[in-house]
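# Summary of the model geometry
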Amino acid sequence: MFKVKSETVKFLSFAVCILLIPLLISGGYMMNVLVFVGINTILAVALNLLLGYAGQISLGHAAFFGLGAYISGVLTVTYSLNSWLAMVIAALTTGLLAFMLGFPILKLKGHYLAMATLGFGIILYIVFNETVAITGGPSGMSGIPNLGIASLQFDNDTKNYYLIWVFALVTILLSLNLANSRIGRALRAIHDSEVAARGMGVNVRFLKVQIFALSAILSAVAGSLYAHTMTFISPASFGFNFSVELVTMVIIGGLGSIYGSFLGAALLTLLPELLRAFQDYDIIVYGLLLILMTMFMPGGLVRGVPAILYSLLPVKKQGSGN
Amino acid sequence: MNLSQQVIQYILSGLSTGSIYSLIGLGFAIIFNSTGIINFAQGEFVMLGGMLTFFFLSVVKLPIIAAMLLAILIATSVGVIFERLAIRPLRKATPLNLVIITIGASILIRGLAMLIWGKDTHSLPMFSGNEPLFVGGATILPQHLWIFAITLLIIIINKFYFYYSISGKAMRACSYNRNAASLVGIDVKRMVLFSFAISSAMGSVAGIIAAPLTMTSYDVGVMLGLKGFCAAIIGGMSSGIGTVLGGLLLGVLESLGAGLVSSGYKDAIAFIILLLILFIRPQGIFKKAETERV
């Protein structure tokens, strides 16, 4: 019982901190950045379910993000559909696509899976660029309406912050529950050994596809939120580079750690802002980070930093007194 | 131009790009066969070949042969350094870790290239002039012939090396069974180093011969690498004729698709083919299926 309680306390304190942050920030620009942190957190947590728990590599997750954004955008701009309804449709469509794609694609493992997801991501990126009549092509799509509930319009950064972070907190809660459930354990079993998991009665194939679809749905929701808060989307945000960024976030934070994904997302969203002067260097930093983290801290910051701190503590002397 | 002439044109230019894909694919296959790693950074060596040659030619003003040789040398060194620093220390890494590291390296190399040379596209001069030749109603440039010739040369050299030289046979031995190879006295670590060196050299040559036609810039590596990988997959990761055929097939299909269907989706065609192969016959067209030990 105690374990459950500490998890709840952790989550609630996290949630409270998140919700109180706007009171400490004055600048509108910082608010905008924090909105991005929220969106990236949803994406990183979604990817972590697939990558960290189930151990399935995906280098094309930006595609699901983009699908959610574009479906929402097209439905609300071209067909004047209600934004919330559009979001639901976008999420379900993306989920369905991922579900159908999941069956053949998740038969693959290791680098083959990586390449297949990469290929899929690029195909969608090309589709976004080429279907100019629908998506506006490389110049993007603008005029996407803000979200609103009754008379409350989410039209400034602070309101969007709360909107996004409510979704992010729900996503985190959902993932934590999932991770600590029978399904979470089954996922980790799959990660360790698919054959053994199958031998224990886990429906490996179906579960992998379900997690893939769930991950895609969450990413699509993030995409819709992105579309409505930015009011402008273009294919450039949904390409291979962003997929790699997402994987970097998950790895830096720590595979299989939900809060780690938040950490990774926050770090990789804030870092470019702090390094404003080094605009073009960010691509090098990502590359270095990926290599160094994988070599020296494969468990991510969430495990590596406490380990380092722990090792710095004075060694306790053992044995009876002298 | 009537349809059949167009088709011949597409096929010829497809064979040419296909040759490039074959060279890149062989690079993937060689490293995979000796280490089991897919080197996502392979495409970057192709980029380095072209960009370094351009740099030495236009900025340092070296004669073209010297520029090319120096470019190949430097690209090979980068490959060796990469193997030493990032691959060798990680003997026990999971496939995920290895994928991530090679992706990280590819990003790093690409980023450094962007910093040093900027984002512009550059082109190299054609090796023997710009006059097109006419073959069966289709036009090809001398550069296409150079590509065919050099690719063929490299494939022949490869064949001789792997099948008739001691170190080549040693590398093949490592690819069949590392432990057995080291038991008979083969220095597996050195073979791994060689495989990276050979792959990066071949990749850079591919970049050099392609650059006069397709231009080169800091980010050509991504697409070329992926398509080369696709060629290797079609060929079942063989270090020989399978991958070559895979590359040629890919090049021709891509060219026909771009010409007859739509050019915007040209890149998508390669990836759709990749996905289809991975879904339907992941061991490649030319190989028997493998079984996996649990």
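Note that the structure is a prediction, hence the values are computed from the model and not measured.

## Observations concerning the overall build of chain B
- Across its full length, chain B holds 11 helices and two strands.
- Along chain B, helices and strands appear, N-terminal first, in the series α-α-α-α-β-β-α-α-α-α-α-α-α.
- Whereas a compact globule of 294 residues would reach a radius of gyration of roughly 19 Å, chain B reaches 19 Å, a difference of no more than 12%.
- In terms of overall dimensions, chain B has a C-alpha envelope of 60 × 45 × 35 Å along the principal axes.
- For chain B, the residues scored as buried account for 52% of the 294 residues in total.
- The contacts in chain B between residues at least 6 apart in sequence include a share of 75% that link residues at least 24 apart.

## As for the overall build of chain A
- The helix and strand tally for chain A stands at 14 helices and four strands.
- Taken over the C-alpha trace, chain A has a radius of gyration of 20 Å; the compact-globule value for 322 residues is 20 Å, and the two agree within 12%.
- Reported as C-alpha extents along the three principal axes, the dimensions of chain A are approximately 80 × 50 × 45 Å.
- In chain A, buried positions account for 48% of the 322 residues.
- Restricting the contact set of chain A to residue pairs at least 6 apart, pairs at least 24 apart contribute 78%.

## Overview of the interface of chain A and chain B
- At the junction of the two partners, chain A supplies 32 residues and chain B supplies 35 residues.
- Of all the secondary structure elements, the ones that give two or more residues to the side of chain A that touches chain B are α5 (110-130), α11 (240-253) and α13 (282-296) of chain A.
- A per-element tally of the side of chain A that touches chain B places α5 of chain A first, with 13 residues.

## Regarding unusual backbone geometry
All names here are of chain A.
- At Thr231, a residue that is not glycine, the phi angle is positive and equals roughly 60 degrees.
- Its location among the elements puts Thr231 in the loop between α10 (204-230) and β4 (232-233).
- Owing to 15 C-beta atoms within 10 Å, Thr231 belongs among the partly exposed residues under this scheme.

## Brief notes about the confidence of the model for chain B
All names here are of chain B.
- On average, residues of chain B score 85 in pLDDT, and 95% of them are at 70 or above.
- Within chain B, the element-level pLDDT minimum falls on strand β1 (residues 133-135), averaging 76, and the maximum on helix α2 (residues 42-59), averaging 90.
- Model confidence for the complex is summarised by a pTM of 0.86, with the ipTM given as 0.83.

## Looking at the packing of α13 of chain A against helix α4 (residues 95-117) of chain B
- Close contact between α13 of chain A and α4 of chain B brings their axes to 7 Å; oriented N to C, the two are set at 150 degrees. The angle between α13 of chain A and α4 of chain B falls in the class roughly antiparallel. Two packed elements cross with a definite hand, and for α13 of chain A against α4 of chain B that hand is left-handed. Side by side, α13 of chain A and α4 of chain B meet where Ile283, Ile284, Tyr286, Gly287, Leu288, Leu290, Ile291 and Thr294 of chain A of the first sit next to Asn97, Ile100, Ile101, Ile103, Gly104, Ala105, Ile107, Leu108, Arg110, Gly111, Leu112 and Met114 of chain B of the second.
- Of the residues in the contact of α13 of chain A with α4 of chain B, the class split is 14 nonpolar, five polar and one charged.

## Regarding the nonpolar core
- In this structure, Cys230 and Leu274 of chain B are the most contacted members of the largest nonpolar core, which totals 197 residues.
- Sort the elements by how many residues they give to this core and α10 of chain A lands first, with 16 residues.
- Other than its neighbours up to four places away in sequence, Cys230 of chain B contacts Leu250, Ala270, Ile273 and Leu274 of chain B.

## Some remarks on the packing of α2 of chain B against helix α3 (residues 64-87) of chain B
Residues and elements named next belong to chain B.
- In contact at an axis separation of 8 Å, α2 and α3 are set at 140 degrees when each is read in the N-to-C sense. Considering the angle they form, α2 stands oblique to α3. Every pair of crossing elements has a handedness; the one defined by α2 and α3 is right-handed. Contacts from Phe45, Leu48, Gly49, Leu52, Thr53, Phe56 and Leu57 in α2 reach Ile64, Ala67, Met68, Leu70, Ala71, Ile72, Ile74, Ala75, Val78 and Gly79 in α3.
- Within the contact of α2 with α3, the residues separate by chemical class into 14 nonpolar, three polar and no charged.

## Let's talk about helix α11 (residues 266-280) of chain B
- Helix length check: α11 of chain B (15 residues) gives 22 Å between terminal C-alpha atoms against 21 Å at 1.5 Å per residue, within 8%.
- Along α11 of chain B, the positions that sit buried rather than exposed are Asp267, Ala268, Ile269, Ala270, Phe271, Ile273, Leu274, Leu275, Ile277 and Leu278 of chain B.
- Buried residues along α11 of chain B sit against α5 of chain A together with α9 (220-234) and α10 (241-260) of chain B.

## Points about the environment of Ala196 of chain A
Residues and elements named next belong to chain A.
- Secondary-structure assignment places Ala196 in helix α9 (residues 194-199).
- Of the residues examined, Ala196 has 13 C-beta atoms within 10 Å and is grouped as partly exposed.
- Taking the C-alpha atoms as reference points, Ala196 and Met141, separated by 55 residues in sequence, lie 48 Å from one another.

## Concerning the environment of Val74 of chain A
Residues and elements named next belong to chain A.
- Structurally, Val74 can be placed in helix α3 (residues 61-77).
- A tally of 20 C-beta atoms within 10 Å means that Val74 is categorised as buried.
- Val74 sits 70 residues away from Ile144 along the chain, and the two C-alpha atoms are 8.5 Å apart.
- Sequence-distant contacts of Val74, that is, excluding residues within four places in its chain, are made with Ile134 and Thr135.

## Topic: the environment of Pro89 of chain B
- Assignment of secondary structure puts Pro89 of chain B in the loop between α3 and α4.
- In this structure the C-alpha to C-alpha distance between Pro89 of chain B and Arg110 of chain B, which are 21 residues apart in sequence, comes to 23 Å.

Parameters at a glance
Residues numbered from 1 in each chain as written. Chains lettered and ligands numbered in written order. Predicted model: local features only at pLDDT ≥ 70, side-chain atom pairs only at ≥ 80, totals over all residues. Helix = DSSP H or I, 4+ residues; strand = E, 2+ residues; numbered from the N terminus. Rg over C-alpha atoms; globule rule 2.2 N^0.38 Å. Buried ≥ 20, exposed ≤ 12 C-beta atoms within 10 Å, placed from the backbone. Contact = placed C-beta atoms within 7 Å. pLDDT = per-residue confidence, 0-100. Axes fitted to C-alpha atoms, helices over the stretch in contact; angles between N-to-C directions. Parallel < 35°, antiparallel > 145°, perpendicular 65-115°, else oblique. Left-handed = near helix turned anticlockwise from the far one by under 90°. Nonpolar A, V, L, I, M, F, W, Y, C, P; charged D, E, K, R; others polar. Core = buried A, V, L, I, M, F, W, Y, C linked by C-beta atoms within 7 Å. Expected span 1.5 Å × (residues − 1).

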